[in-house]
Amino acid sequence: MTRPLRTAEDLVAAGLAPAEALPELARVAERYAVAITPPMAELSQTCEGVARQFVATAAELETTPDERADPIGDAAHSPVDGIVHRYADRVLLKANHACAVYCRFCFRREMVGPDGVRPLSLEQLDAAMAYVASDPAIWEVIVTGGDPLILSPRRLRDIGGRLARIDNVKVVRFHTRLPAVDPARVTDELVEALKASGKTVWVALHANHPDELTPEARAACARIVDAGVPMISQTVLLKGVNDEPTVLEALMRGFVEARIKPYYLHHGDLAPGTAHFRTTIDEGRAVMRDLRGRLSGLAQPTYVLDIPGGHGKAPIGPNYVHGKHIEDPAGVHHAYPPAQD
C-alpha cells in the first residue's frame, strides 16, 4: 500500500471494512474526513486497538444529546482567527486544519479535513502573531491544528521565525501525530524547521496504543530528541483501545523508553458520533489507580477532563487523601501524621 486510504471504497478494498457496510461508511465519509496513512493501514490489519482509532464505522452516525460540535469551547476563547486564548500564559495557534490521519474520536472533527476550516491566510497569520505580541503575559505558543507537522519545512520555518521575533514568547510547543502515523515524513529538514531562534521548543506526540510505537516511529522520535527538542505525550482514554491497565502501562513504558515524558491522559470529549469511544470517569480513575501501584512515577500521565463550554482542563485522577488518612498504592489507609507510640 503506497497511498493513504481516503474513501469508504478504499476501506473496503483494503479489507478493513466489509462490502455490505459501504453505504453507511459512505455516509460517514460525507460528514467526517477519512484518511489513513499506509503505516497505520498496515497496522490496522493486525491490531484492533489501532484499527478502531482510524477505520470509520456506522457508529459515528449516532449522536447523543450531550454531544456538541465544539466540545471544549474553543470558539468562546478565540479573539482572532487561528488563536485560542483560554489560559493567561499560553495560546493555541491553529496553523492548519488538515491531518495525515483523521481519528474517529477527534474533538475537532467538525472543523478538520478537506471540507473543514481553511488554513490561515497570510493576513490571518499576521493578525494572529500581532495578537500574541500584544499580550506580554503570553509565555507559550502551542502550534496545533490539524497537525502542523504536515506543513512544509518552509512554512514551519516561517512560523518559527515569526515567533522568534516576539520577545514575550519563551516556549513553542508543536502537537502532532506524524512521528507515529507517518514516520518517514519526519526528516532532518523538518526537524530543523521546528526550531525557533532563542525559544525553547517542545514536541507533543499523540499516540493511544503501544503498537503505534513501531521501530520506525521510535526512530522518528529519536531524530527529534537527538536534535535537542524534548518530547512529551498526549493520549486519549478510549474504550476498546486502551481502557485496560495493561495496555496503558505498555504505552506509557514505550513513551519513556523512547525518551518521551508522559503528559496528559485525556478523558474522551463530547464530540459528535463518539459515544462508543467514551468511558466513564469512574472507569478512567480505576485505570489510573491500577497504574499508580505498578508503574514508575516517570511514566505516570495526568488524567484530565476538558470541561465542556471552554472552562479549561481539570485533573480528575483518583484521590488518595481521605480526611486524616492517606491511601497507599495497595489501597490500604494510613493515618497521617502517624499516631505516636
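Here's a quick rundown of the structure. If you're wondering where the values come from, they're calculated on a predicted model, not measured in any experiment.

Glancing now at the pairing of strand 4 (residues 171-176). Judged by how many residues are buried, strand 4 sits mostly within the fold: 6 of 6 residues are covered. What you see with strand 4 is no split at all: V171, R173 and H175 on one side and V172, F174 and T176 on the other are buried throughout. Sheet topology places strand 3 (residues 140-144) next to strand 4; 4 bridges connect them, and they run parallel. Note that in strand 4 the partner of V143 across the bridge is F174.

The next point concerns unusual backbone geometry. G146 follows G145 through a cis peptide bond whose omega is 15°. Within the secondary structure, G146 sits in the loop between strand 3 and helix 6 (153-164). Cis peptide bonds are those with omega within 30 degrees of zero, and the linkage from Y336 to P337 qualifies with 0°. If you trace the backbone, P337 turns up in the segment after strand 12 (333-335).

Turning next to the packing of aromatic side chains. What the rule picks out here adds up to 2 aromatic pairs. Centroid distance F105 to F277: 5.6 Å. Interplanar angle 70°. Geometry classified as edge-to-face. A residue pair is termed long-range when its members are at least 10 positions apart, and F105 in the loop between strand 2 (90-94) and helix 5 (122-134) and F277 in the loop between strand 7 (260-266) and helix 11 (281-292) qualify at 172 residues. Residues F105 and F277 agree in their burial class; the two are buried. With a centroid separation of 4.0 Å and 25° between ring planes, the pair formed by Y263 and Y264 is classed as stacked. Judged by relative accessible area, Y263 falls into the partly exposed class, the value being 26%. The buried category is assigned to Y264, whose relative accessible area is 16%. Between R109 and the ring centre of Y32, over which it is positioned, the NZ or CZ distance is 3.6 Å.

Here the focus is the pattern of salt bridges. One side chain can pair with another of opposite charge once the charged atoms of both are near each other. Tallied over the full model, the rule gives 22 salt bridges. Between R177 and E212 there is a salt bridge whose closest N-O contact spans 2.8 Å. With R177 in the loop between strand 4 and helix 7 (178-181) and E212 in the loop between strand 5 (200-206) and helix 9 (215-226), the pair connects residues that are 35 residues apart, well separated along the chain. Judged by its relative accessible area of 5%, R177 falls in the buried class. E212 sits in the buried class, given a relative accessible area of 0%. Measuring nitrogen to oxygen at the nearest pair gives 2.8 Å for the salt bridge that ties E249 to R294. Separated by 45 residues along the polypeptide, E249 in helix 10 (residues 245-257) and R294 in the loop between helix 11 and strand 8 (302-307) bring together distant segments of the chain.

Quick look at the sheet that holds strand 2 now. A sheet is described by the order of its strands in space; here 9 strands give the open sequence 1-2-3-4-5-6-7-8-9, paired in mixed fashion. Every other strand in the sheet has two partners, leaving strand 1 (83-87) and strand 9 (312-315) as the edge strands with one partner each. Mean inter-strand twist for the sheet, computed between neighbouring axes without regard to direction, equals 30°. Bridge count between strand 2 and strand 3: 5 bridges; the pairing is parallel.

Turning our attention to the nonpolar core. Grouped together as the largest cluster of nonpolar side chains are 92 residues, with contacts concentrated most on I36, L93, V141, V143 and F174. Apart from residues no more than four positions distant in its own chain, V143 is found in contact with L93, A95, P148, I159, L163, V172, R173, F174 and H175.

For strand 7, a buried count of 5 out of 7 residues is recorded, marking the element as mostly surrounded by other parts of the structure. In the classification by handedness, the crossover that spans strand 6 (residues 231-236), the intervening helix 10 and the parallel strand 7 is right-handed. Inspection of the sheet shows strand 7 paired to strand 8 by 3 bridges, in the parallel sense. Paired with H266 across the strands is V304, a residue of strand 8.

Okay, the sheet that holds strand 12 next. Pairing is antiparallel in the open sheet, where 3 strands are placed in the order 10-11-12. One side of each edge strand has no neighbouring strand; the edge strands of this open sheet are strand 10 (321-322) and strand 12. One ladder, built from 2 bridges, connects strand 10 with strand 11 (residues 325-327); its direction is antiparallel. Of the residues in strand 11, the one forming a bridge with H322 is H325.

A separate point is the environment of L16. Its location among the elements puts L16 in the loop between helix 1 (8-13) and helix 2 (22-31). Linking L16 and Q45, residues 29 residues apart in sequence, is a C-alpha distance of 6.8 Å. Discounting chain neighbours no more than four positions away, the residues touching L16 are L5, L11, I36, A41, S44, Q45 and V55.

Let us look at the environment of G198. As for its placement among the helices and strands, G198 is situated in the loop between helix 8 (188-193) and strand 5. Each C-alpha atom of the pair G198 and L163 lies 9.6 Å from the other, and the pair is 35 residues apart in sequence.

What counts, and where the lines are drawn
- Residues numbered from 1 in each chain as written.
- Predicted model: local features only at pLDDT ≥ 70, side-chain atom pairs only at ≥ 80, totals over all residues.
- Heavy atoms only, no water.
- Buried < 20%, exposed > 50% of the residue type's maximum accessible area, 1.4 Å probe, protein only.
- Helix = DSSP H or I, 4+ residues; strand = E, 2+ residues; numbered from the N terminus.
- Pairing = 2+ DSSP bridges.
- Phe/Tyr/Trp six-rings, centres within 6.5 Å; stacked < 30°, edge-to-face > 60°.
- Lys NZ or Arg CZ within 6 Å of the ring centre and 35° of its normal.
- Salt bridge = Lys/Arg side-chain N within 4 Å of Asp/Glu carboxyl O.
- Axes fitted to C-alpha atoms, helices over the stretch in contact; angles between N-to-C directions.
- Core = buried A, V, L, I, M, F, W, Y, C linked by side-chain atoms within 4.5 Å.
- Contact = heavy atoms within 4.5 Å.
- Right-handed = clockwise from strand over helix to strand, strands pointing away.

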